[in-house]
Amino acid sequence: MEKQEEQPVIYNAIYADGHFEKVRLGELVNKGGAAGKIYMNLANPNSVAKIFHKKSKSSTNRKKLEAMLLNRPNFPPAVKDGTEYVQIAWPDAILEDENGFCVGYLMPLINMSEAVSLDHLMQKAIRKKLRLSEKYAYRVFAAYNIASMAALHTCGHYIVDLKPSNVSVYKDTMMVAMVDCDGFSIKGELGRYPAEFVSEEYIYPEGMDLSCEEMGEEQDKFALAVMIFKLL
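So, here is what we can say about the structure in this document. Just so we're clear, the structure is a prediction, and the values are computed from it rather than from any experiment.

In this section: helix H4 (residues 136–147). In a regular helix each residue adds 1.5 Å, so 12 residues correspond to 16 Å; H4 covers 17 Å between its end C-alpha atoms and thus fits that length. For H4, every residue scored as buried is listed here: Arg139, Ala142, Ala143, Asn145 and Ile146. Projected down its long axis, H4 shows its buried positions confined to an angular sector of 165°, all on one face. Every exposed residue of H4 that faces more than 90 degrees away from the buried side is listed here: Ala137 and Tyr144.

Okay, the sheet that holds strand S11 (residues 176–178) next. The antiparallel open sheet is built from three strands, whose spatial order is S9-S10-S11. Both outer strands of the open sheet, strand S9 (115–117) and S11, are each paired with one neighbouring strand and no more. Taken over all neighbouring pairs, the strand axes of this sheet differ in orientation by 35° on average, direction set aside. Of the pairings in the sheet, the one linking S9 to strand S10 (residues 167–170) comprises three bridges and is antiparallel in character. Across the sheet, residue Ser117 finds its bridge partner in S10, namely Ser168.

A cluster of nonpolar side chains, namely Tyr136, Val140 and Leu232, defines an oily patch on the protein surface of about 260 Å² accessible area. Mapped onto the elements of the fold, Leu232 is located in the segment after helix H5 (217–231).

Sheet strands associate in pairs through backbone hydrogen bonding, adopting either a parallel or an antiparallel arrangement. Read around the closed barrel, the six strands follow the order S1-S2-S3-S4-S8-S7; overall the barrel is antiparallel. When strand polarity is set aside, the average angle formed by the axes of neighbouring strands in this sheet is 40°. Examined bridge by bridge, strand S7 (residues 93–96) and strand S8 (residues 102–108) share four bridges and lie antiparallel to one another. Considered in S8, the bridge of Ala93 is made with Leu106.

Calculation rules
- Residues numbered from 1 in each chain as written.
- Predicted model: local features only at pLDDT ≥ 70, side-chain atom pairs only at ≥ 80, totals over all residues.
- Heavy atoms only, no water.
- Helix = DSSP H or I, 4+ residues; strand = E, 2+ residues; numbered from the N terminus.
- Expected span 1.5 Å × (residues − 1).
- Buried < 20%, exposed > 50% of the residue type's maximum accessible area, 1.4 Å probe, protein only.
- Arc of directions from axis to C-beta.
- Pairing = 2+ DSSP bridges.
- Axes fitted to C-alpha atoms, helices over the stretch in contact; angles between N-to-C directions.
- Patch = residues over 30% accessible without salt bridge, like charges linked within 9 Å, V, L, I, M, F, W, Y side chains within 5 Å.
- Areas by Shrake-Rupley, 256 points an atom, 1.4 Å probe, with all protein chains shown as cover.
- Salt bridge = Lys/Arg side-chain N within 4 Å of Asp/Glu carboxyl O.

By themselves these figures say nothing about function.
Here's what the structure looks like:
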C-alpha cells in the first residue's frame, strides 16, 4: 500500500489592512527557540511562518502582534550591489487556525546561510576559522549597523534581550539581521507588551533589581555599549 503524502497545514493570514489570505506551510526551516518553530511559506519563497509552541497564550500573542503590525518601524531591506538584505524579521501578518486561535505570524525570510552570529565576529580565532575579514573597518561598520537598530526606540519599542548571540551579521556586507522580534518590548495603543527575556551579563547596573518587563531604552543602550566595546 502506497504511503499517502501529508497535506500541507493551512492557516489564515491576517494583514494590518484587514485583508486575509490562506497560507500553506512548507518545510520546517528551524526548530526555533523557546517560542516556536519556523516553516517556509509555500506561496512566497521570501516569507516564512513562525508557529508558536503553545496555544494557551493565543489571546496575549494576538494583541502583541496586532500592536506590532500597527506600529511598524521603518526598516526597508538594505540593498548592496543589487542584492537585498532583510534587516529585521518584523511580523507581516497574524496567522490563525480554523477555530480563530492565533498560532503564529508571517515574517520576511532572513537567509541565515549568508550570516553569522555577532559573537563569532568578536573572536579572532573564530573569524579566522570562518574566513571572515580581519579588516577593522568591517567591525566598525557592523557596530554602526547594530546601533542603527535604535530606530526601534522612535516607535517606542525596546529589544531588551540585546546580546551578540541574538544578532546576526551578513558575512559579505556586515549588515545586521534581527530575529525573534515577538520577544521585544512593544508599545501598543492601549499599553505596553513587555519583553519576555533578558540576559544577566548584559543588564545595566541600575536595572539589576528590575524584571525584564520593567526594562526599556536604558537597557538597550547599555547592552549596545558592551557589545560595541567587545566588537572593537
